[in-house]
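The chain contents come next:
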Amino acid sequence: MEDCLAKKMEITVSEAEKRTGRNAMNMQETYTAYLIETRAVETQSEGQCAPVDSLWRRYSEFELLRNYLSVTYSHIVVPPLPEKRADFVWHKLSADNMDPDFVERRRIGLENFLLRVASHPILCQDKIFYSFLTQETGWKEMVNETGFQLKADSRLKALNATFRVKNPDKRFTELKHYSDELQSVISHLLRVRARVADRLYGVYKVHGNYGRVFSEWSAIEKEMGDGLQSAGHHMDVYAASIDDILEEEEHYADQLKEYLFYAEALRAVCRKHELMQYDLEMAAQDLTTKKQQCEELATGTVRTFSLKGMTSKLFGQETPEQREAKIKVLEEQIQEGEEQLKSKNLEGRDFVKSAWADIERFKEQKNHDLKEALIGYAVMQISMCKKALQVWTNAKECFSKM
């Protein structure tokens, strides 16, 4: 961790800007660009102020970076991006992806994504990631030259492997079930939070109504006017604070959403392992078949029914020379298959070792982050309740003075 990029470079996504341009279809579109600023830490420690490098990136470029990392480092739980469009939003907030508040939260999420990658012991060393931070032009060409798209596994192939693997690794099966449950629990928690936020909004608006009623009442009551006016003022101040409070709530919701999307990153690692296991089993099955064919040709006995065996009986046996040639080809294929199987076994063991080490790192990070987020949310709710209690305590004192 001492060598990670986050220790050597300050990385911020400092602002977002709405822009208009033309897409690949030459159609005009409106999009948001984000300003990435980086500054070397080493020169600062020497008492110098390092210059700030900056460049603009679109959300689609962040997506391209993450896709590249996911394919290139399939054994790693790659940090997720913030949502492209608002989800689990309580109905008083805008779901528009151009809404300033949403864009601001996404800016924070994109910065968090970059910091997550820069803090990862393996991802931080990737040259493409460094170029993403420092090279404004030519970056996409560098990514495409890696040919990572050709290495990407198709969804159909992954689905096929899921259903046809005969000996799945129990640890990865359990991890996949855990990721499904994690996603389900966090989704439910976010839906409940949206309903609570909506009710909370209503409570604060009721206090606004109290404030208006007390103010109007004070105008017709000379003796009680000052007390009513003061009580109304406390209610108005409390009601006006709802926007800041709900914005803070959205911040905690975004922290939960990050792990909602992390669940999919966990499943991606599990799917890759299933694919590797499926390829291994297919290679082993193919090798067994070739060995059996070689034995049958050598001994002249056929163990299983085959179309080839039937044609031999109908049209005559092969000559010794033909059989020897076929045996030689099969022996070469068997030798190649054994080497391939050995290679796949080693590759699979290396994948499991690397993946499990990163999964353990992820679990430690998850426990720390979710604990911190939930404690922060609880503290915020306690603070809100204390403020509400103080408002009514102040109102009581105002009424007592009338």
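Residues numbered from 1 in each chain as written. Predicted model: local features only at pLDDT ≥ 70, side-chain atom pairs only at ≥ 80, totals over all residues. Heavy atoms only, no water.

- An unreviewed UniProt entry annotates the protein chain as SNX4 protein of Tricholaema leucomelas.
- Taken directly from UniProt, the Sequence similarities (unreviewed entry) text for the protein chain runs: "Belongs to the sorting nexin family." (UniProt positions renumbered as here; feature names shortened; annotations may be inferred.)

A short note on the pattern of salt bridges
In step 1: On inspection of all chains with the given rule, the structure shows 24 salt bridges.
In step 2: Measuring nitrogen to oxygen at the nearest pair gives 2.8 Å for the salt bridge that ties Glu17 to Arg19.
In step 3: When its relative accessible area of 31% is taken as the criterion, Glu17 is described as partly exposed.
In step 4: Of the residues examined, Arg19 reaches a relative accessible area of 26% and is grouped as partly exposed.
In step 5: With a shortest N-O distance of 2.7 Å, Glu274 and Lys176 are connected by a salt bridge. Residue Glu274 is located in helix α11 (residues 242-299), and its partner Lys176 is located in helix α9 (residues 170-218); the two are separated by 98 residues in the primary sequence. Judged on exposure class, the residue Glu274 and its partner Lys176 are both buried.
In step 6: Each of the salt bridges in this network shares a partner with another, and the network as a whole consists of Arg105, Arg193, Glu247, Glu249, Glu250 and Asp254. (Salt bridge = Lys/Arg side-chain N within 4 Å of Asp/Glu carboxyl O. Buried < 20%, exposed > 50% of the residue type's maximum accessible area, 1.4 Å probe, protein only. Helix = DSSP H or I, 4+ residues; strand = E, 2+ residues; numbered from the N terminus.)

As for the state of the cysteines
Such a bond, covalent and formed between the sulfur atoms of two cysteines, is termed a disulfide.
In step 1: Counted by the stated rule, this structure contains zero disulfides.
In step 2: As a non-bridged cysteine, Cys4 has Cys124 as the owner of its nearest cysteine sulfur, 5.5 Å distant. (Disulfide = S-S within 2.5 Å.)

Quick notes on a negative patch on the surface
In step 1: Taken together, Glu321, Glu324, Glu331, Glu332, Glu336 and Glu339 make up a surface patch of like negative charges.
In step 2: Among the secondary structure elements, Glu332 is positioned in helix α13 (residues 320-400). (Patch = residues over 30% accessible without salt bridge, like charges linked within 9 Å, V, L, I, M, F, W, Y side chains within 5 Å. Areas by Shrake-Rupley, 256 points an atom, 1.4 Å probe, with all protein chains shown as cover. Lys, Arg positive; Asp, Glu negative; His and termini not counted. Charge placed at Lys NZ, Arg CZ, Asp CG, Glu CD.)

With respect to the packing of α9 against α11
In step 1: Contact geometry of α9 with α11 gives a least axis separation of 9 Å together with a crossing angle of 165 degrees. One finds that α9 runs roughly antiparallel with respect to α11. Every pair of crossing elements has a handedness; the one defined by α9 and α11 is left-handed.
In step 2: Tallied by class, the residues present in the contact of α9 with α11 amount to 22 nonpolar, four polar and nine charged. (Axes fitted to C-alpha atoms, helices over the stretch in contact; angles between N-to-C directions. Parallel < 35°, antiparallel > 145°, perpendicular 65-115°, else oblique. Left-handed = near helix turned anticlockwise from the far one by under 90°. Nonpolar A, V, L, I, M, F, W, Y, C, P; charged D, E, K, R; others polar.)

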